[in-house]
Amino acid sequence: RIDMVRKRKVIIAILLIFGTIITSILGSKSILVSGNLDKKPIFRVNTEKKEVALTFDVNWAEKEYIYDILDVLEEGNAKGTFFIMGGWVNYSDENREKLMKISDGGNEIGNHSYIHPSFTKISEERMSDEIKKTEDIIYAATGQKTTLFRFPSGDYNDKAVEYVRSLGYECIQWNVDSIDYKEESAEVEYERIRKKSKEGSIILFHNNAKYTPSNLDKIISKLKEDGYEFVTVGQLTECDEYYIDENGEQHKK
């Protein structure tokens, strides 16, 4: 019986030592999450700085408000990040001019695919084609090379994120959705943005929602009053070493 007890104590001690070694190797939860860096887009930046990024998905529409949006940004001395569809640019000379005006205003350009397919339902070859065609179109019009990508309709999976990142793009989502495309009401959309915006937020608007220009004007004024600054997504996410946690928040290592 004494030998059995001793053996059990030895086994328990070995298991405890083994567990300690494994924990030391794997480290904390944050390091475990960093191993999944290639599986998660950035939804928000974890920061104490009062900075937010205004982003705009540019889609086809019978009526859009890009010029109005650009006027509001200029008046508010704020820059935005515009995620551009290559097919939208090629649709008309006017759209190409709009893209050039976005760029000339000092705004950041991101890639939003060519014709907006779901990246969870297409091949890697098709993903590459969608991104490259758009990249070439944006560069030809503006001279800007894009490093940011937003999935059409925000639809992604692990495979899509890994592949897009392998092409040299950071995948950007959002943590504040204006849901402006539903055009519920100006007040509903404004309150939604105001209540959810915080340090490191990435805010989503669209080019084709009628309340966006007026709400953009109000939200810029309100957040400035609260001490916030407006930066591009590239500026907000700029960091030498970071990990992305399970909520899609970027943390500096």
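This text gives an overview of the structure that appears in the document.

Definitions and limits used
Residues numbered from 1 in each chain as written. Predicted model: local features only at pLDDT ≥ 70, side-chain atom pairs only at ≥ 80, totals over all residues. Heavy atoms only, no water. Helix = DSSP H or I, 4+ residues; strand = E, 2+ residues; numbered from the N terminus. Expected span 1.5 Å × (residues − 1). Buried < 20%, exposed > 50% of the residue type's maximum accessible area, 1.4 Å probe, protein only. Arc of directions from axis to C-beta. Contact = heavy atoms within 4.5 Å. Pairing = 2+ DSSP bridges. Core = buried A, V, L, I, M, F, W, Y, C linked by side-chain atoms within 4.5 Å. Axes fitted to C-alpha atoms, helices over the stretch in contact; angles between N-to-C directions. Parallel < 35°, antiparallel > 145°, perpendicular 65-115°, else oblique. Left-handed = near helix turned anticlockwise from the far one by under 90°. Nonpolar A, V, L, I, M, F, W, Y, C, P; charged D, E, K, R; others polar. Patch = residues over 30% accessible without salt bridge, like charges linked within 9 Å, V, L, I, M, F, W, Y side chains within 5 Å. Areas by Shrake-Rupley, 256 points an atom, 1.4 Å probe, with all protein chains shown as cover. Salt bridge = Lys/Arg side-chain N within 4 Å of Asp/Glu carboxyl O. Lys, Arg positive; Asp, Glu negative; His and termini not counted. Charge placed at Lys NZ, Arg CZ, Asp CG, Glu CD.

**A look at helix α9 (residues 212–225)**
Turning to step 1, where the next piece is worked out: For α9, built from 14 residues, the straight-helix expectation of 20 Å at 1.5 Å per residue is met to within 8% by its first-to-last C-alpha distance of 20 Å.
Turning to step 2, where the next piece is worked out: All of the buried residues in α9 are Thr212, Pro213, Asn215, Leu216, Ile219, Ile220 and Leu223. The buried side chains of α9 occupy one side of the element, clustering within an arc of 155 degrees when seen end-on.
Turning to step 3, where the next piece is worked out: Buried-residue contacts for α9 involve β2 (51–58), α3 (66–75), α8 (186–196), β8 (202–206) and β9 (229–231).
Turning to step 4, where the next piece is worked out: Directly after α9, the chain includes Gly227, whose backbone phi takes a positive value near 90 degrees.

**What about the sheet that holds strand β1 (residues 44–45)?**
Turning to step 1, where the next piece is worked out: Strand order across the open sheet formed by three strands is β1-β11-β10, with mixed pairing between neighbours. Bordering the open sheet on either side are β1 and β10 (242–244), each of which pairs with just one other strand.
Turning to step 2, where the next piece is worked out: Where β10 and strand β11 (residues 249–252) come together, three bridges link them in antiparallel fashion. Looking across to β11, one finds that Tyr242 is bridged to Lys252.

**Overview of the nonpolar core**
Nonpolar side chains in soluble globular proteins generally cluster together in the buried interior.
Turning to step 1, where the next piece is worked out: Ranked by size, the top nonpolar core spans 33 residues in total, and within it Leu54, Leu73, Phe82, Ile84, Leu216 and Ile220 carry the most contacts.
Turning to step 2, where the next piece is worked out: The leading source of residues in this core is α3, at five residues.
Turning to step 3, where the next piece is worked out: When residues no more than four places from it in sequence are discounted, the contact partners of Ile220 are Leu54, Val72, Leu73, Gly76, Ala78 and Phe230.
Turning to step 4, where the next piece is worked out: In this structure, Ala53, Trp174, Leu204 and Leu236 belong to the second largest nonpolar core, which totals 14 residues.

**Some words on unusual backbone geometry**
Turning to step 1, where the next piece is worked out: Despite not being glycine, His116 has its phi angle at roughly 70 degrees, a positive value.
Turning to step 2, where the next piece is worked out: Tracing the sequence through the fold places His116 in the loop between β4 (108–111) and α6 (124–142).
Turning to step 3, where the next piece is worked out: A relative accessible area of 25% means that His116 is categorised as partly exposed.

**A few points about the environment of Gly105**
Turning to step 1, where the next piece is worked out: Here Gly105 is to be found in the loop between α5 (93–104) and β4.
Turning to step 2, where the next piece is worked out: Along the chain, Gly105 and Asp71 lie 34 residues apart, while their C-alpha atoms are 9.6 Å from each other.

**Quick notes on the packing of α3 against α5**
Turning to step 1, where the next piece is worked out: At a minimum axis distance of 11 Å, the contact between α3 and α5 shows a crossing angle of 10 degrees. Viewed along their axes, α3 and α5 adopt a mutual orientation that is roughly parallel. Here Ile66, Tyr67 and Leu70 of α3 come into contact with α5, specifically with Glu94, Lys98, Lys101 and Ile102.

**Observations concerning the packing of α3 against α9**
How two helices sit against one another is set out by the angle between their axes and by the gap between those axes.
Turning to step 1, where the next piece is worked out: Between α3 and α9, the shortest axis-to-axis distance is 9 Å and the interhelical angle comes to 15 degrees. The pairing of α3 with α9 is recorded here as roughly parallel in orientation. Once α3 is placed against α9, the crossing between them reads as right-handed. Of α9, the residues touching α3 (which contributes Asp68, Ile69, Val72 and Leu73) are Thr212, Pro213, Leu216, Asp217 and Ile220.
Turning to step 2, where the next piece is worked out: Of the residues contributing to the contact of α3 with α9, the split by class is six nonpolar, one polar and two charged.

**Some words on a nonpolar patch on the surface**
Turning to step 1, where the next piece is worked out: A cluster of nonpolar side chains, Trp60, Tyr91 and Ile115, forms an exposed patch at the surface whose accessible area comes to about 360 Å².
Turning to step 2, where the next piece is worked out: Tracing the backbone shows Tyr91 in helix α4 (residues 86–91).

**So, a negative patch on the surface**
Turning to step 1, where the next piece is worked out: Negative charge collects at one region of the surface, where Asp68, Asp71, Glu74, Glu75 and Asp217 lie side by side.
Turning to step 2, where the next piece is worked out: Residue contributions to the negative patch peak at four residues, all from α3.
Turning to step 3, where the next piece is worked out: Summarising the element assignment, Asp71 is placed in helix α3.

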